[in-house]
Amino acid sequence: MTTEISPEPASKTTTMTDAVTSTGSKVTRVLGALSLVSIALLLAFGLLVSPPEIAQGDSVRLFYIHVPSAIVCLYIAFSITLVGSIIYLRNQSTFWDLMAGAAAEVGVVFLGFTLVTGMLWGKPTWGTYWTWDPRLTSTAVSFVLYLGYLAVRRLDMDPVARSKRAAILGIISFANLIIIRYSVAWWRSLHQGQTLDPRDTQLDNTMLFSFVLGVLALTMTFAWLVIHRFRIAWLEHQLEAQQLELAIAERTSQGPTGLAHGGA
Amino acid sequence: MGWEYVVPGYLIVFGVLAIYAVSLIRRGRRLSEQLPPEKRRFLD
Amino acid sequence: MIEHARLIAAKDLKIEWSSRVLTAQVIPFGVLVLVLFGFGIPPDRRVLASEGGASRSLLEQASPGLFWLAVLFSLLLALNRSFAVEAADGNLDALRLAGFDPAGVFLGKSGAIVCELLVLELVVGTGAFLLYGPPLHDALQLCAVVVTTTLAMSFAGTLYGALGAGLRLRDTLVPLLVLPVLAPVLLAATRATESALFGPSSEGWAWVGFLGAFALLYLGAGILSFGSLLEES
């Protein structure tokens, strides 16, 4: 955006690497500004301009962040994790390994938003924060599923072995996501009539516009967060490699006795 | 009706987003300092 | 592959047999969990059964789910033990270096878990019938549920146990990974057991099919991925 002061030249010359002191870049600054503008618009339209819904009242406003964050984490974030994991297993691409991890972490944050806003919507609509609604229940289980994935990524072990385990987990977790969603839906459909379905909501034009704004705002925010998270993961990866090099250099400098000592 | 649930929902979501974003930026700055400049970006 | 699987399974079962951990610790744990559920759910409270209006105790009504929860918790102990044995002296590395087929190792370790679980289910299941007193509507269906659930739990459990193998955090990591994954299995097993115990059987067979599909899926996933999991673990 024009208001941004970005001293970075666009070309990939040595001056660019000199200027890097953070995970920000021209792209993320523009993306960040656009996200902020769209979030401001979302707040204006979602909370002020759009009318309350006939049946649900004002609580329909939660949908403008609930549904978009569900879309972002389930359809974008965890799909990136799945694709990244598959590519990593095929060609050991560091980029896709780190990307899979970055998308999963931001995805879990958005899944958390989906849960919280879903429960807050349920209280005025169903009279309780928690019902054993299929989507709510399966979202809660999926949340823990991906927390497990992130826990594996944080393990203190050989980086290559860890990436491999994480990639396998990233693939199976996606399959589990689908299994959990369908089995829970099946379970509930057998024992209970359909509860008030959020998809039945009647939206007029300003409400629809608020909803589209929500999708735009949260998707751009997601992209911004993932780029930053990826760059952090890259920095950590480089640091880890550097420390390994240092350790090896130290050990070799100690000579053969040092090797014999630490080699066991 | 419903505002008492809408407002906390928006506060939680955008509050957490803000905290998460700031923490990412600070983490990025801190980690960048520990590496030589040519290693700070994924360029491939 | 089958021969390797048989060797590994025989080894694991021999270790279990000689150490008596399964019989002396895991099975009593499972039975104790059943008793403890009785403290959590008031045993005298009765509920109306859905059809006919005959009243059942709440415990009896919940017995399928409670039984499978007890099995699930015991599975975590068995898994932990199965991979603690391997991690102790870098055994998984040794198996790989000795030229064992990874798919065979997976089948062997999950096969041993299957045997242990079946023994456990026999004892804990008898305990559940005695303590909770549910009726038995369809014995054949109950057997089908037990077999498919045991396979599903063992295959998925072994795969995730290997993911945590050789790690300091294994004790806490493996339950975190396994429980959400087995949530659909618990759900399906509970529903299928309910219909096997209380009838009608029709819905139960659909869930048995789901359990079988789940087991097959994890059988495939385990065979395919165990090679890369065992490398450098």
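This text follows the structure it describes.
Peer 1: Would you mind going over the overall build of chain B in detail, with residue names and values included?
Peer 2: Each helix and strand in chain B was counted, giving 1 helix and 0 strands. Over its C-alpha atoms, taken along the principal directions, chain B stretches across nearly 55 × 20 × 5 Å. Counting only residues that meet the buried cut, chain B has 27% of its 44 residues in that class.

Peer 1: So what's going on with the nonpolar core? Which residues, and what values?
Peer 2: Grouped together as the largest cluster of nonpolar side chains are 147 residues, with contacts concentrated most on A:Ala77, A:Ala103, C:Val71, C:Ala152, C:Ala156 and C:Leu211. Setting aside chain neighbours within four positions, we find C:Val71 in contact with C:Gly30, C:Leu117, C:Leu120, C:Glu121 and C:Val124.

Peer 1: So what about helix α2 (residues 21–40) of chain C? Which residues, and what values?
Peer 2: All names here are of chain C. Over its 20 residues, α2 runs 27 Å from end to end, which matches the ideal 28 Å to within 8%, given 1.5 Å per residue. Considered for burial, the residues of α2 that qualify are Leu22, Val26, Ile27, Gly30, Leu34 and Phe37. Looking at the packing, one finds that the buried side of α2 touches α1 (2–19), α3 (58–87) and α5 (102–132).

Peer 1: Describe α3(C), naming the residues involved and giving the relevant values.
Peer 2: What sets the pattern is the α-helix's 3.6 residues per turn: residues three or four places apart point alike. Its 30 residues place the ends of α3(C) 43 Å apart at the C-alpha level, agreeing with the 44 Å of an ideal helix rising 1.5 Å per residue. The sharpest bend along α3(C) reaches about 50 degrees and sits at C:Pro64.

Peer 1: Go over the interface of chain A and chain C, please, and point to the residues and values.
Peer 2: Listed per partner, the contact involves 24 residues of chain A and 22 residues of chain C. Looking at the side of chain A that touches chain C, the elements that each hand over two or more residues are α5 (134–153) and α6 (159–191) of chain A. The biggest single contributor to the side of chain A that touches chain C is α6(A), with 14 residues. Its residues assigned to classes, the side of chain A that touches chain C comprises 18 nonpolar, 3 polar and 3 charged.

Peer 1: Explain the interface of chain A and chain B to me, using residue names and the numbers behind them.
Peer 2: Taken together, the contacts link 35 residues of chain A with 31 residues of chain B. Of all elements in the fold, only α1 (14–19), α2 (26–49), α4 (94–126) and α7 (205–253) of chain A reach the threshold of two or more residues within the side of chain A that touches chain B. With 11 residues, α7(A) is the single largest residue contributor to the side of chain A that touches chain B. Considered class by class, the residues forming the side of chain A that touches chain B number 17 nonpolar, 11 polar and 7 charged.

Definitions and cut-offs
Residues numbered from 1 in each chain as written. Chains lettered and ligands numbered in written order. Predicted model: local features only at pLDDT ≥ 70, side-chain atom pairs only at ≥ 80, totals over all residues. Helix = DSSP H or I, 4+ residues; strand = E, 2+ residues; numbered from the N terminus. Buried ≥ 20, exposed ≤ 12 C-beta atoms within 10 Å, placed from the backbone. Core = buried A, V, L, I, M, F, W, Y, C linked by C-beta atoms within 7 Å. Contact = placed C-beta atoms within 7 Å. Expected span 1.5 Å × (residues − 1). Bend = angle between axes of the 7 residues up to and from the residue. Nonpolar A, V, L, I, M, F, W, Y, C, P; charged D, E, K, R; others polar.

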